[in-house]
Amino acid sequence: MGNVLTDELQATKPNLEVFSATLQNLAAQDHDVVVVTSDSRGSGKLVPFGKKYPAQMVEVGIAEQNLVGIAAGLASTGKKAFAVSPACFLTARALEQIKNDVAYSDNPVRLIGISAGVSYGALGSTHHSLHDFAALRAINNLMILAPADNYETEQAILQAYRLDQPIYLRFGKKPMPLLTNESSNRFNLGKARIIKKGQDLVFIATGETVYPALAAAQRLKKEQGLDIAVVSMHTIKPLDTEILQYFATHAGAMVTVEEHSVNGGLGEACASFLLQHHYRKPFKIVGIPDEYTVTGSQVEIFNHYGISEAGLTNTALTILGKMI
């Protein structure tokens with residue numbers, strides 16, 4: 001299957017639009033590609049897919065448990081099933097079906113959590129998915145991904161299409177710029193990408209938090225002369241422990257960044273591995289604290305909790321200042 005990142009797509013776009021374009025390309029070449037939605041074709045950018053390939057789309061209405069069960073049934077017959085629903089509902093209402101019908105039964109469903117993290121903004125905590133990493137990490141036989149940019153999104157969908165095991169991918173709503181030149185920094189499931197090299201400190205970020213981490217790293221270089229590394233840990237499970245071991249040795253400190261609760265997500269996964277391998281350097285988890293989030297847009301929420309260029313710059317300076 002060829003890439004669909006045309007010149008038009010290489011402009012800054014929401015990852016969901018790239019997801020939809022990639023899926024349409026796959027569906028045109030493989031009639032076994034089937035999308036199952038829960039009244040979410042609009043928010044999932046799948047209206048064009050439904051118009052082009054109506055026989056390859058199943059609409060179940062607002063019934064997430066049915067969504068996952070039907071997708072599992074389709075996958076068991078050899079269909080390439082993509083189950084698309086808002087992440088907050090997909091990974092809470094249908095958690096039992098994900099656990100039993102998909103993971104335990106080993107049905108290779110591609111679970112697509114849309115409008116993830118705090119993408120729904122002012123709709124508030126009921127619509128935020130700050131639990132999905134934590135809940136799904138505890139389920140065996142389920143890969144977990146959060147692509148950072150348009151390139152990672154396209155490659156994640158192409159590789160998930162070829163994957164013969166269950167996988168969950170989460171996407172936000174905002175336009176995301178390309179972070180690196182793909183030719184020198186290829187994407188592979190389970191292998192993190194080094195977005196920027198450095199040795200003073202490393203940001204281990206995932207999903208839409210990679211961009212503010214990179215902006216902070218660039219600012220710290222310009223204003224302070226600090227060499228800050230940035231890693232896109234797009235695969236939360238299985239975690240790329242090799243890259244963690246590398247930066248445990250080659251960076252002075254480590255900061256994890258995620259659009260998720262500080263409980264049970266990327267930060268705790270990294271901390272668990274590092275502590276069991278005798279890591280003793282400064283370490284900080286940046287995410288959403290254990291509280292109901294403030295009300296606002298995604299950008300406002302990010303700014304409030306320090307998941308921003310300014311916030312991450314201050315976090316890095318605080319950690320490095322204590323080391324001097």
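Treat the numbers as computed from the prediction; the structure is a model and nothing was measured.

(A) Structural view of the packing of helix H9 (residues 241-250) against helix H10 (residues 266-276). Between H9 and H10, the shortest axis-to-axis distance is 11 Å and the interhelical angle comes to 65°. Considering only the axes of H9 and H10, their crossing is right-handed. In contact with Thr-241, Leu-244, Gln-245 and Ala-248 of H9, H10 contributes Cys-270, Phe-273 and Leu-274. Residues of the contact of H9 with H10, tallied by class, amount to five nonpolar, two polar and no charged.

(B) Quick peek at the pairing of strand E2 (residues 33-37). With respect to burial, E2 is a largely interior element, five of its five residues being buried. Alternating residues of E2 divide into Val-33, Val-35 and Thr-37 and Val-34 and Val-36, and every residue in both groups is buried. Where E2 lies against strand E4 (residues 80-86), five bridges are found, and the strand directions are parallel. For Val-36, the partnering residue across the bridge sits in E4 and is Ala-83. Relative to strand E3 (residues 57-59), E2 runs parallel, the two sharing three bridges. When the sheet's bridge partners are listed, Val-35 is paired in E3 with Met-57. Regarding the hand of the β-α-β motif, the stretch spanning E2, helix H2 (residues 47-52) and E3 is right-handed.

Rules of the game
- Once a new chain begins, its residue numbering starts again from 1 and follows that chain's sequence as written.
- A pLDDT threshold of at least 70 governs which residues receive local features in this predicted model, and a stricter bar of 80 or more applies before side-chain atom pairs are shown or counted, although totals over entire chains, interfaces and linings include all residues.
- Water and hydrogen atoms were dropped before computing side-chain values, which therefore reflect all heavy atoms in the structure.
- Convention adopted: a line fitted to C-alpha atoms gives each axis, helices being fitted over their contacting stretch, and angles between N-to-C directions are expressed from 0 to 180 degrees.
- Only DSSP runs of H or I covering at least 4 residues are called helices, and only runs of E covering at least 2 are called strands; the numbering of each starts at the N terminus.
- Two helices that cross are described as forming a left-handed crossing if the nearer one is turned anticlockwise from the farther one by less than a right angle, and a right-handed crossing if clockwise.
- In what follows, residue pairs with any heavy atoms lying within 4.5 Å of each other are defined as contacts.
- Side-chain classes are defined by residue name, with Ala, Val, Leu, Ile, Met, Phe, Trp, Tyr, Cys and Pro counting as nonpolar, Asp, Glu, Lys and Arg as charged, and the others, Gly among them, as polar.
- Relative accessibility under 20% of the residue-type maximum defines a buried residue, over 50% an exposed one, and the middle range a partly exposed one, all with a 1.4 Å probe and only protein chains included.
- Between any two strands, at least two bridges found by DSSP are needed for them to pair.
- With strands facing away from the observer, any crossover in which the path from the first strand over the helix to the second runs clockwise is taken as right-handed.

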